[in-house]
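Breakdown of the fold
Single-letter residue listing:
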Amino acid sequence: MFYEIQKILTSIFVVFIIVFGITKISNLIFKTELGVVAYKVETTTELSSTKEEEVLDMSAFISLGTVEHGKKVFKKCAACHSINENGKNKIGPALWSVMSRKSGELSDYNYSKALIEHAKVWDFSEMNGFLLKPAKWIKGNKMGFAGLKDDKDRASVILYLNQNSSQPLPLP
């Protein structure tokens, strides 16, 4: 019995020594001149400063996709959206000529308050951000779609949406 209690107490003592020992050693390793316990990570951030660079990025992004691939990927969207000219609204609004249209603009569809207040024109970069993660791009919208993570899929759907329009936007 005495040996069992001794084993338990010794185990607890060893655990405390190990935990406090690791804490002291890590404090010695990562201590800076100012006495702050931290490990500084050097980073450099280069921001795109010109509109021209952004256009080139969107141009490269759009070149990843094809209209044919967009038609295939759009089948995910077709459950809730119509893409045909004079197509009817379904669960979601009709998407004929959606590119260059203001968000929340169709009068015969009941948009969420968030989408109406967003009030931006759907262009290539706006549609890209929305299709990536709709709930994050326009917080409070009622579209229950997780988004398209794959760049090629997103670029293709955007090209397909742009093609299905009475006045397609010029490609970037």
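A closer look at the confidence of the model for the protein
Averaged over all residues, the pLDDT of the protein equals 86, while 84% of them reach at least 70. Within the protein, the element-level pLDDT minimum falls on helix α2 (residues 51-62), averaging 70, and the maximum on helix α3 (residues 67-73), averaging 96. Ignoring residues within four places in sequence, the model shows residues 48-53, a span with pLDDT below 50, making 2 contacts including any to other chains.

Here's the deal with the state of the cysteines
Across all of its chains, the model carries 0 disulfides by this definition. Cysteine 80 supplies the cysteine sulfur nearest to cysteine 77, a cysteine that is in no disulfide, at a spacing of 8.6 Å.

Examining the side chain of asparagine 164
With respect to the helices and strands, the residue asparagine 164 is situated in the segment after α7 (151-163). With relative accessibility at 15%, the residue asparagine 164 sits in the buried group. Of the polar contacts made by the side chain of asparagine 164, one reaches the backbone oxygen of tyrosine 160; its length is 2.7 Å. If we skip the residues at most four places from it in the chain, asparagine 164 touches Ile83, Leu95, Trp96 and Ser97.

Side note on helix α5 (residues 124-132)
Burial analysis of α5 places 7 of its 9 residues in the buried class, which makes it a mostly covered element. Among the residues making up α5, those that are buried are Phe124, Glu126, Met127, Asn128, Gly129, Phe130 and Leu131.

Quick word on the nonpolar core
Most often, soluble globular proteins have nonpolar side chains that are buried together. In this structure, Met127, Ile158 and Leu161 are the most contacted members of the largest nonpolar core, which totals 27 residues. Among the elements that make up this core, the one with the highest residue count is α7 (6 residues). Discounting residues that sit within four places of it in the chain, isoleucine 158 has contacts with Phe61, Ile62, Met99, Phe124, Met127, Asn128 and Leu131.

Quick notes on the environment of lysine 152
Within the secondary structure layout, lysine 152 lies in helix α7. Ignoring sequence-local partners within four residues, the contact set of lysine 152 consists of Leu64, Gly65 and His69.

Quick look at a positive patch on the surface
A grouping of Lys71, Lys72, Lys75 and Lys152 is seen on the molecular surface, where their side chains present a positively charged patch. Relative to the helices and strands, lysine 75 is located in the loop between α3 and α4 (113-118).

Regarding the environment of aspartate 108
Inspection of the secondary structure puts aspartate 108 in the loop between α3 and α4. Given the relative accessible area of 60%, aspartate 108 is considered exposed.

Things to note about α7
The first and last C-alpha atoms of α7 sit 18 Å apart over 13 residues, in line with the 18 Å expected at 1.5 Å per residue. Judged by how many residues are buried, α7 sits mostly within the fold: 10 of 13 residues are covered. By the burial criterion, the buried members of α7 are Asp153, Arg154, Ala155, Ser156, Val157, Ile158, Leu159, Tyr160, Leu161 and Asn162.

Definitions and cut-offs
- Residues numbered from 1 in each chain as written.
- Predicted model: local features only at pLDDT ≥ 70, side-chain atom pairs only at ≥ 80, totals over all residues.
- Heavy atoms only, no water.
- pLDDT = per-residue confidence, 0-100.
- Helix = DSSP H or I, 4+ residues; strand = E, 2+ residues; numbered from the N terminus.
- Contact = heavy atoms within 4.5 Å.
- Disulfide = S-S within 2.5 Å.
- Buried < 20%, exposed > 50% of the residue type's maximum accessible area, 1.4 Å probe, protein only.
- Polar contact = N/O pair within 3.5 Å; in protein donor to acceptor, adjacent residues only side chain to side chain.
- Core = buried A, V, L, I, M, F, W, Y, C linked by side-chain atoms within 4.5 Å.
- Patch = residues over 30% accessible without salt bridge, like charges linked within 9 Å, V, L, I, M, F, W, Y side chains within 5 Å.
- Areas by Shrake-Rupley, 256 points an atom, 1.4 Å probe, with all protein chains shown as cover.
- Salt bridge = Lys/Arg side-chain N within 4 Å of Asp/Glu carboxyl O.
- Lys, Arg positive; Asp, Glu negative; His and termini not counted.
- Charge placed at Lys NZ, Arg CZ, Asp CG, Glu CD.
- Expected span 1.5 Å × (residues − 1).

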